[in-house]
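Chain by chain, the residues:
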Amino acid sequence: MEALVVGAGVVGLAVGRALARRGASVIVAEAGDAFGTGVSARSSEVIHGGMYYPPGSLRARHCVEGRRRLVAFCESHGVPHRLCGKLIVAAQEDERAAIEGIFSRGVANEVEGLTFLERDEALALEPALSCVAALHSPATGIVDSHALMLALLGGIEDAGGALALRTPILSAERRDGRWLVRFGGEAPDTLAVDVLVNAAGLGAQALARSIEGVSPEQVPRQVLAKGSYFGCTGRPAFSRLIYPAPVEGGLGIHLTLDLAGRMRFGPDVEWIEAEDFSVDPNRASAFAEAIRRYWPALTADRLTPDYAGLRPKLTGPGEPAADFRIDGPAEHGLPGLVQLFGIESPGLTASLSLAEAVVERVWL
């Protein structure tokens, strides 16, 4: 079986590796100059526990299973990571119900080790914190996302697969029982494959519209939610990730750590119409106000603009959050085609589990 995976982010590379391990001849096509330069390059690099998502949803199932697979993969392949744990905090009493709801979902999703803490118990773990209650998730952590993607690419190449950079996919059509894919770049040509996987992230909808047989009704709209991050100078005040109660469109401006222990904050939520990765320094004051609700000692002069990412959402402001979309032949009726839409957070955590779901649809 010959397979073409479009998109060399963490999900596309995980899919390529999973297909290659099943014996497929795999090419991962990437329009950019390197792998992992899109959504995957601009995440929080958090290994999520899986307690935010509705029980039974694809996000819940693939986050929990994906986390277990991801941690095992990192341990076996020497990918830098650390299960530092996370506190989700209620800064005031009116937020207590929100984190109680997260706790209930986490238990239903079988997230390991969740505990509900009152104020003094939370401050015993993180003395700089301000809260009335918190949810502790010891299964949450951080990972070097570039090293992870490099290890996944190594798995593809070890199995005889390849990464094709600067290879934009222009169209695809069914011919003689296979997918005839036309690509551009330095040496434009066509390629016939048995399996075509659309893991193009921000470009998934545009690619879907270029595939013969995919009706417009089968391509969901894409809504862009920009999230900015700010670094924080000075000594780290926390040893765990700190998350506030969630907000519409995201998990709130939270504190994350890199593997060197440096603190950064974000992302916020800014609904935009076109791709934009700039960080407005003027957002620092709003960041500081949100952060002081759980870390009163922060001064605004410690925040420095860092980077911004985009969430490829399927729903917009005021609408319920959409689940992941994994559209295979059972959904659209086209053999050998699997399309992934709306793979935002926790896409990195879920990547290895999502890859297995793609394989299952390919081998139906």
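In case you missed it, the structure is sitting above this.
A brief structural summary. (Residues numbered from 1 in each chain as written. Predicted model: local features only at pLDDT ≥ 70, side-chain atom pairs only at ≥ 80, totals over all residues. Heavy atoms only, no water.)

A short note on helix 1 (residues 10–21)
Formally: What counts as a helix is a DSSP run of H or I of at least four residues, what counts as a strand is a run of E of at least two, and both are numbered from the N terminus. Every helix has an expected span of 1.5 Å times one less than the residues it contains. Note on classification: 1.4 Å probe, protein chains only; a residue is buried when its accessible area is under 20% of the maximum for its type, exposed when over 50%, partly exposed between these limits.
Taking 1.5 Å per residue as the helical rise, helix 1 with its twelve residues ought to reach 16 Å, and the 16 Å between its terminal C-alpha atoms agrees with that figure. Those residues of helix 1 that fall on the buried side of the exposure criterion are Val10, Val11, Gly12, Leu13, Ala14, Val15, Gly16, Arg17, Ala18, Leu19 and Ala20.

Observations concerning the nonpolar core
Spelled out, the test is: We define the nonpolar core as a collection of buried residues of types Ala, Val, Leu, Ile, Met, Phe, Trp, Tyr and Cys that are connected through side-chain atoms lying within 4.5 Å of one another. Any two residues having at least one pair of non-hydrogen atoms within 4.5 Å are treated as being in contact.
In this structure, Leu129, Phe265, Ile291, Tyr294 and Trp295 are the most contacted members of the largest nonpolar core, which totals 47 residues. With near-sequence residues (within four places) excluded, isoleucine 291 lies in contact with Ile253, Phe265, Leu298 and Leu303.

Points about the packing of helix 2 (residues 58–77) against helix 9 (residues 347–362)
Rules: Only the stretch in contact is used when a helix axis is fitted, and all axes are lines through C-alpha atoms; the angle between N-to-C directions ranges over 0 to 180 degrees. Any angle that falls under 35 degrees is termed roughly parallel, while one over 145 is termed roughly antiparallel, one within 65 to 115 roughly perpendicular, and all others oblique. Gly counts as polar in this scheme, as do all residues outside two lists: the nonpolar Ala, Val, Leu, Ile, Met, Phe, Trp, Tyr, Cys and Pro, and the charged Asp, Glu, Lys and Arg.
The contact between helix 2 and helix 9 brings their axes to 6 Å, and the two run at 100 degrees. The orientation of helix 2 with respect to helix 9, classified from their angle, is roughly perpendicular. In contact with His62, Cys63, Glu65, Gly66, Arg67, Arg69, Leu70 and Phe73 of helix 2, helix 9 contributes Leu348, Thr349, Ala350, Leu352, Ser353, Leu354, Glu356 and Ala357. By residue class, the composition of the contact of helix 2 with helix 9 is eight nonpolar, four polar and four charged.

What to know about the packing of aromatic side chains
The criterion, for reference: Geometry of aromatic contacts follows a simple scheme: Phe, Tyr and Trp rings, the Trp one being its six-membered ring, pair when their centres are within 6.5 Å, and the pair is stacked under 30 degrees between planes, edge-to-face over 60, tilted otherwise. By definition here, charges over rings are those cases where NZ of Lys or CZ of Arg is within 6 Å of the ring centre and within 35 degrees of the ring normal.
Taken as a whole and assessed by the stated rule, the structure comprises seven aromatic pairs. Look at tyrosine 52 and tyrosine 53: their rings are 6.2 Å apart centre to centre, the planes differ by 55 degrees, and that puts the pair in the tilted class. Each of the two residues, tyrosine 52 as well as tyrosine 53, counts as buried. The cationic tip of lysine 86 hangs over the ring face of tyrosine 243; the distance from NZ or CZ to the ring centre is 3.9 Å. It is arginine 174 that lies over the ring of tryptophan 179; its NZ or CZ is 5.1 Å from the centre.

Quick notes on the pairing of strand 7 (residues 133–137)
Using the following cut-off: Between any two strands, pairing holds if DSSP finds at least two bridges.
Extensive coverage of strand 7 is indicated by the burial of five of its five residues. What you see with strand 7 is no split at all: Ala133, Leu135 and Ser137 on one side and Ala134 and His136 on the other are buried throughout. Summarising the sheet, strand 5 (residues 86–90) and strand 7 pair through five bridges and their orientation is antiparallel. Its bridge partner lying in strand 7, leucine 87 is registered against histidine 136.

Quick notes on the pattern of salt bridges
Here is the rule: The rule for a salt bridge is simple: a side-chain nitrogen of Lys or Arg has to be within 4 Å of a carboxyl oxygen of Asp or Glu.
According to the stated counting rule, one finds 23 salt bridges in the structure shown. For glutamate 93, the salt bridge is made with arginine 96, and the minimal N-O distance between the two is 3.0 Å. In this structure, glutamate 212 engages arginine 175 in a salt bridge whose closest nitrogen and oxygen atoms are separated by 3.4 Å. You can see glutamate 212 sitting in the loop between helix 6 (204–209) and strand 14 (223–232) and its partner arginine 175 sitting in strand 10 (residues 169–175), a full 37 residues away along the chain. On the basis of relative accessibility, which here comes to 37%, the residue glutamate 212 falls in the partly exposed class. What makes arginine 175 partly exposed here is its relative accessible area of 39%. Here the residues in one salt-bridge network are Glu2, Arg178 and Asp194, joined through shared partners.

Considerations on the pairing of strand 16 (residues 254–257)
Burial along strand 16 is two-sided: His254 and Thr256 facing one way and Leu255 and Leu257 facing the other are all buried. Relative to strand 17 (residues 263–266), strand 16 is paired through four bridges, and the arrangement is antiparallel. Following the sheet pairing, leucine 255 is matched in strand 17 by phenylalanine 265. Counted along the chain from strand 16 to the antiparallel partner strand 17, the turn is five residues long, and its residue glycine 261 has a positive phi close to 90 degrees.

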